[in-house]
Amino acid sequence: MQNTIQKAAAGKAAPTSRNVNQIINGILDGDAMRKRFDDLLGKRAPQFVSSLVTLVNATPQLQQAIYEAPMTVIQSALKAATYDLPIDPALGYAYIVPFNNSIKNPDGSYTKRMEAAFILGYKGMNQLAMRTG
């Protein structure tokens, strides 16, 4: 992973926690996103959103994903909320994992971009199986 000086030299400024917090709060404070989480989780929505913000602040790669492709992190969180699974990695039910993805540009070249993906943990799979009987 490149350090801050190399990123600045390449024209990409490293995300700071303040910028990341502004981006994630701006997205999550929107009426449409708030309504979506409220519809999926009801009274547990604020707790889930708080755990998402905590997870992003604790993981530098997720901070970079918020900076480069914020909707991939939100979509992964919404998928976990749809399954009603916590995203705390210590619990092992569901994970939001950052991946360095290659994106093809219109000129045929490729650029790397940090994106997030939803990964279902084995405990989450067991939980979903028990719920369905």
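This section reports on the structure supplied with the text.

What to know about the overall build of the protein
In step 1: Scanning the protein for helices and strands turns up 7 helices and 2 strands.
In step 2: Listed N to C, the secondary structure of the protein is α-α-α-α-α-α-β-β-α in terms of helices and strands.
In step 3: A total of 133 residues make up the protein; the buried ones form 30% of that total.
In step 4: Contacts in the protein between residues at least 24 apart in sequence constitute 58% of all its contacts with a sequence separation of at least 6.
In step 5: When the accessible surface of the protein is summed, it comes to about 8,200 Å², and 55% of that surface belongs to carbon and sulfur atoms.

Some remarks on the packing of aromatic side chains
In step 1: Overall, the coordinates contain 2 aromatic pairs when judged by the stated rule.
In step 2: Their ring planes at 40° and their centres at 5.9 Å tell us that Phe37 and Phe48 sit as a pair that is tilted. Residue Phe37 is located in helix H3 (residues 31-41), and its partner Phe48 is located in helix H4 (residues 45-58); the two are separated by 11 residues in the primary sequence. Of the two residues, Phe37 and Phe48, neither departs from the other in class, the shared state being buried.
In step 3: Geometrically, the ring pair formed by Tyr83 and Phe118 is tilted, given 5.8 Å between the ring centres and 40° between the ring planes. Taken as a pair, Tyr83 in the loop between helix H6 (70-82) and strand E1 (94-104) and Phe118 in strand E2 (residues 110-120) lie far apart in primary sequence, 35 residues in all.

Describing the nonpolar core
One broad rule of soluble globular proteins: the nonpolar side chains tend to lie buried together.
In step 1: Judged by nonpolar contacts, the single largest core of 29 residues is most densely connected at Leu28, Phe37, Phe48, Leu52, Val73 and Ile96.
In step 2: Residue assignment for this core shows that the elements contributing at least two residues are helix H2 (17-28), H3, H4, helix H5 (60-68), H6, E1 and E2.
In step 3: Aside from chain neighbours lying at most four places away, what touches Val73 is Leu52, Val56, Leu62, Ala65, Ile66, Ile96 and Ala116.

Concerning H3
In step 1: Three or more residues of H3 are buried, namely Met33, Phe37 and Leu41. In an axial view of H3, the angular spread of the buried residues amounts to 45°, which keeps them on one side of the axis. Along H3, exposed side chains directed more than 90 degrees from the buried face belong to Asp31, Ala32, Lys35 and Asp39.
In step 2: At the C-terminal side of H3, Gly42 shows a positive phi close to 65°.

Here's the deal with the environment of Pro60
In step 1: Here Pro60 is to be found in helix H5.
In step 2: Looking at Pro60, the relative accessible area reads 52%, which means it is exposed.
In step 3: When the C-alpha positions of Pro60 and Pro98 are compared, they lie 9.5 Å apart, and in sequence the two are 38 residues distant.

As for the side chain of Glu115
In step 1: Residue position: Glu115 is located in strand E2.
In step 2: A polar atom in the side chain of Glu115 sits 2.4 Å from the side chain of Arg113.
In step 3: Not counting residues within four places of it along the chain, the set of residues in contact with Glu115 comprises Ala65, Ala69, Thr72, Val97, Pro98, Phe99, Asn101 and Ile103.

Cut-off values and rules
- The residue count restarts for each chain, going from 1 along the sequence in the order it is written.
- Confidence filtering applies because this is a predicted model: local features only for residues at pLDDT of at least 70, side-chain atom pairs given and counted only at 80 or more, and all residues used for totals across whole chains, interfaces and linings.
- Only hydrogens and water are set aside when side-chain values are computed; all heavy atoms of the structure are taken into account.
- Strands are runs of DSSP state E lasting at least 2 residues, helices are runs of H or I lasting at least 4, and numbering of each runs from the N terminus.
- Three labels apply to residues, based on accessible area from a 1.4 Å probe with only protein chains included: buried if under 20% of the type maximum, exposed if over 50%, partly exposed otherwise in between.
- The contact criterion used throughout is that any non-hydrogen atoms of two residues lie within 4.5 Å.
- For the area figures, the Shrake-Rupley method with a 1.4 Å probe applies, and any residue is considered shielded solely by the protein chains shown.
- Aromatic contacts are taken between Phe, Tyr and Trp rings whose centres are within 6.5 Å, Trp giving its six-membered ring; a plane angle under 30 degrees counts as stacked, one over 60 as edge-to-face, and the others as tilted.
- What makes a nonpolar core is a set of buried Ala, Val, Leu, Ile, Met, Phe, Trp, Tyr and Cys residues whose side-chain atoms join them at distances within 4.5 Å.
- Each direction from the helix axis to a C-beta atom contributes to the arc, which is the arc of those directions.
- Residues adjacent in sequence count toward polar contacts only when both atoms are side-chain atoms; beyond that, a polar contact is any pair of N or O atoms within 3.5 Å, and within protein one must be able to donate a hydrogen and the other to accept it.

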